[in-house]
Amino acid sequence: MKAIDTALSKGATYAEARYHEINEFGIIVRNGGVIGVGGGLSKGIAIRVLYKGVLAFAATTDLSTEGVLRAVDEALSRARALSYTLLGKTPVERLSPAKIGRARYSNVVKKPLDSMDIDEKLRLLKELHASAKEGVKECKLATTAIEYTEQVERKIVVNSDGGYVDSEITRVATQCNLVLAHPQKGTANRFFGLGASSGLEVLKEWDLHARFREEAQALDNVLSRGIEPPKEPVPVVIGSEVVGLIVHESCGHPMEADRVWGREAAQAGESFVKTRGVKLGDRIGNELATVIDDPTIPNSFGFYLYDDECVTARPRYIYLKGVLNEFLHNRWSASIFNTESNAAARAKDFSSEPIPRMSTTYLEPGNQKFEELLEGIKLGVFVKSYMEWNIDDERWSQRYVGLEAYLIRNGELSEPVRNPVLEFTTPQFYSLIEAKDRDLKFYAAFCGKGEPGQAIPVWMGGPNVRLKSLFVGWR
Amino acid sequence: MEVERIKEIVASRLRNEGIEEWALVVERRRSSMIKIANNVVTVAQGWNAAWMELYAAKEKKIGYVGSMVSDEGSVSAALEKLLLSLKKSEPSPIYGPLPRAHGSPLSDLVDPRIVEEPNTVLEISSKIVDEAQRLGVDRIAGTIHFGYRERYAITSTGFEAVQPSTFIQVYVRAFRDENSGHWAWGSTRFDEDSLLSTVRKASEFATLKLPRQSIDPGEYQAILSPLVVANLVNNLAFMASGMMVLMGASMFVKHGIGSKPFSDNFTLIDAPLEKSLPHARGFDDEGAPCTNKPIIERGIVRNLLHNAKTANYFNSETTGNAGLVMPIPWNLIVESGSADLDSLVKDVRRGFLVLNNWYTRMQNWIEGTFSTVSRDALIYIENGEFKALSKQMRIADSFANIFSKIEALTRDSYDVWWWEVEIPTRAPYMLINSTKFTKPI
């Protein structure tokens, strides 16, 4: 509180201090051999002040009282210097009002991280190469690479508007790469990540042995027997893994309010909402296009109950029945748009400013079974997973290249398809949705944004989705 | 906290545990950043941070810890974490002893203006906006980031040195109506003219007076700007890290040392000794001497990038690119050619000048297949003349295909460093004979 009081006494209209500690443990395993074991401890204090319309941020690893007060002075000094120039005149004199909380919370951890010995974790990870091998028939399993991480993130955020939130989130994650080689067909890569805010109980749910076996089996099948997709436009069923990525890229990102205003223009780009003159209330897709971002889903990788400005979290309906409904805001962007923050402020660590971010972004599921999505399709393509993807910097034109994919013949999955390419615009995708199944699934990722870059944990998800006919390319 | 004290705590504790082999890196950094958007400063940021990385090996078991340093307690906590890791780990297939050959710091990497007159650098942000408006753009966005750092490396083999250096990174995106341009610059030294040249180049492309035209996807010639070349060779150089090869995330699994996947016109150098580029240094994190060396020389794969561990695994020698865990490129130089930009444009019958790109993602690391999306000016060229501006097409190809079709390179190179180019890169314009452009149809 001393930092806050000091900042206010020296003219700041808003001040915030965040103690932010991330304690990590990790293991790297390759082809069943332990490459190394290690960890990390990131710990420091972030200060943010608003002074005469200038937002300034300072971070320090010096946790002494003098060190923290020095950071306050540095932030104020930068703000003061810029406040005298026209360049410093931002549109924000005060942060927006918001439902500010005072709370202490943590996520539910049934099986603590130390409840399993490191030896046991090593044994599990080493065995996965053999599990993957079980799934391979015609190809050679060239590489399995696994990076396993445990993380405890502790934050205490205090601000001059009465906010005080002390939180502790425990997470478990793995990043995996499989490489298969075939003497005639070449190679295939499958990269996938798993992650949750959870204790070690999530390992049972992930069933890594089965997952590695199945991933290798699917890759073996598509590499050794994959064929070209049809050349004519066909109905496409997109798996929940790909759907989750699409809504993250084409709904979540373009609806981040700072991006809409242009704050990220030189980095992650702007938004079609700005560049194409679209506004809230405009239609982007059909009635089936409802996309929600919800930080409060238990176990979700980006779980939180209060954001990094102490604002109470809630689900955000970003697209609602095909209409642009709500931007993702922190209090700075909400002030520009003359609205209230909806608690999207997140900072990666003590060295990062809190900016509007996603948490768990997903397409609202439907009520059909997967088999019903395939019904009536004489010839089509099912794209279950992906490797390559990208989207332009206004979040309009995008591309996803399938990895595990199949032809659909007469309502049933048939031969594997290799590297089918989906390329469409944002309104095309949300207008082509024809049916959704009820099987809502989530996938973990690290989402990048900001300068310096802030990779933060998120979930992306949705059901399996059937699209009307479109052209499927081939790589 | 003094580095000497960190060293004492580390050396004493490890000695007591019977651990004879270790490497300690400590970095102290003070830096400032101004972010501009819509012609105003959106945030002024500053950092004062100290952190350490510690590697230790015992009976071929490898342990690593990275930690912020706030007090002696934080150093001790990091040590305990490392010791637990070592105790529980297993002999690593990549273990290799720390190098005995030692480097020494480079001199003249510190620009006193960055250290002593940070406000002079900050004041430049006003000049950038003024210059952009003088050049007729509507608005700009961008970043100025600068600072001073000291990187210490201390190892159990008797190496102990510090590499001080300053850095400055500037990039600007300029907008006029529907059009935008972008340019970037990075250096160890402050230079007002180079800094302002970013806004001049970005504005030059933003204010091009050409009609807008939608161009069909297909195979085209392409002039890649230094920004695009830098982004692509960043991806390529990361793949040259021995660790990426080991992990199956590299086209150099397939194209090993001595193979020739690229054109004679393509030489890519890892250049830590280039003093004007921001990541210049004389020694790596294991204390080994840094050297300039080709990753690719006249199309031939010459070097992977190694630390002592990956070198050991590949039965090679360290290349002075440690990363205590992951070998990394320092600075990159793409060897320039003899052409000028006008002559490259004249050589294009049907193609594009691609000013900028982002979101480069791989479909298959081993095959090196990827796509990347253009951003900012995408100039359609027909019969040697700029004809129109197009929008947001993507290049979908493979590294082997693109860099085996280099027709020509400009004589002039540019020092590029920005959000999408993490490793500072000196690159020319590059004419590619043919590559695939796609977009939704």
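Asks: So what's going on with the sheet that holds strand S23 (residues 456-462) of chain A? Residues and values would help.
Replies: Residues and elements named next belong to chain A. The mixed open sheet is built from 6 strands, whose spatial order is S11-S10-S9-S14-S23-S22. In this open sheet, the two edge strands, each paired with only one partner strand, are strand S11 (323-324) and strand S22 (441-447). One ladder, built from 3 bridges, connects strand S9 (residues 291-293) with strand S10 (residues 316-320); its direction is antiparallel. The partner of Asp293 across the bridge, within S10, is Arg316. Against the sheet, helix H6 (residues 240-252) engages S9, S10, strand S14 (360-363), S22 and S23, with an angle of about 115° to S23.

Asks: Tell me about the interface of chain A and chain B, and name the residues and values.
Replies: In this assembly, 88 residues from chain A lie in contact with 85 residues from chain B. In total, about 6,900 Å² of surface goes out of reach between chain A and chain B, with carbon and sulfur atoms giving 51% of it. If you look at where chain A meets chain B, you find 9 salt bridges. Arg394 of chain B is the partner of Glu423 of chain A in a salt bridge, and the nearest nitrogen-oxygen pair spans 3.0 Å. Viewed at the interface, chain B and chain A are joined by 59 residue pairs in polar contact (both at pLDDT 80 or more). In terms of residue class, the side of chain A that touches chain B is built from 34 nonpolar, 27 polar and 27 charged. Pairing between strand S3 (residues 54-60) of chain A and strand S2 (residues 40-58) of chain B: 5 bridges, direction parallel. Note that in S2 of chain B the partner of Ala56 of chain A across the bridge is Ala44 of chain B.

Asks: I'd like a rundown of the packing of helix H4 (residues 118-134) of chain B against helix H5 (residues 192-206) of chain B, residues and numbers included.
Replies: All names here are of chain B. At a minimum axis separation of 9 Å, H4 and H5 run at an interaxial angle of 35°. Along this stretch, H4 crosses H5, giving a crossing that reads as right-handed. Listed contacts from H5 to Ile124, Lys127, Ile128, Glu131 and Ala132 of H4 are Glu192, Leu195, Leu196, Val199, Arg200 and Ser203. Class assignment of the residues belonging to the contact of H4 with H5 gives a composition of 6 nonpolar, 1 polar and 4 charged.

Definitions and cut-offs
- Residues numbered from 1 in each chain as written.
- Chains lettered and ligands numbered in written order.
- Predicted model: local features only at pLDDT ≥ 70, side-chain atom pairs only at ≥ 80, totals over all residues.
- Heavy atoms only, no water.
- Pairing = 2+ DSSP bridges.
- Helix = DSSP H or I, 4+ residues; strand = E, 2+ residues; numbered from the N terminus.
- Contact = heavy atoms within 4.5 Å.
- Axes fitted to C-alpha atoms, helices over the stretch in contact; angles between N-to-C directions.
- Buried area = accessible area lost by both parts, 1.4 Å probe.
- Salt bridge = Lys/Arg side-chain N within 4 Å of Asp/Glu carboxyl O.
- Polar contact = N/O pair within 3.5 Å; in protein donor to acceptor, adjacent residues only side chain to side chain.
- Nonpolar A, V, L, I, M, F, W, Y, C, P; charged D, E, K, R; others polar.
- Left-handed = near helix turned anticlockwise from the far one by under 90°.

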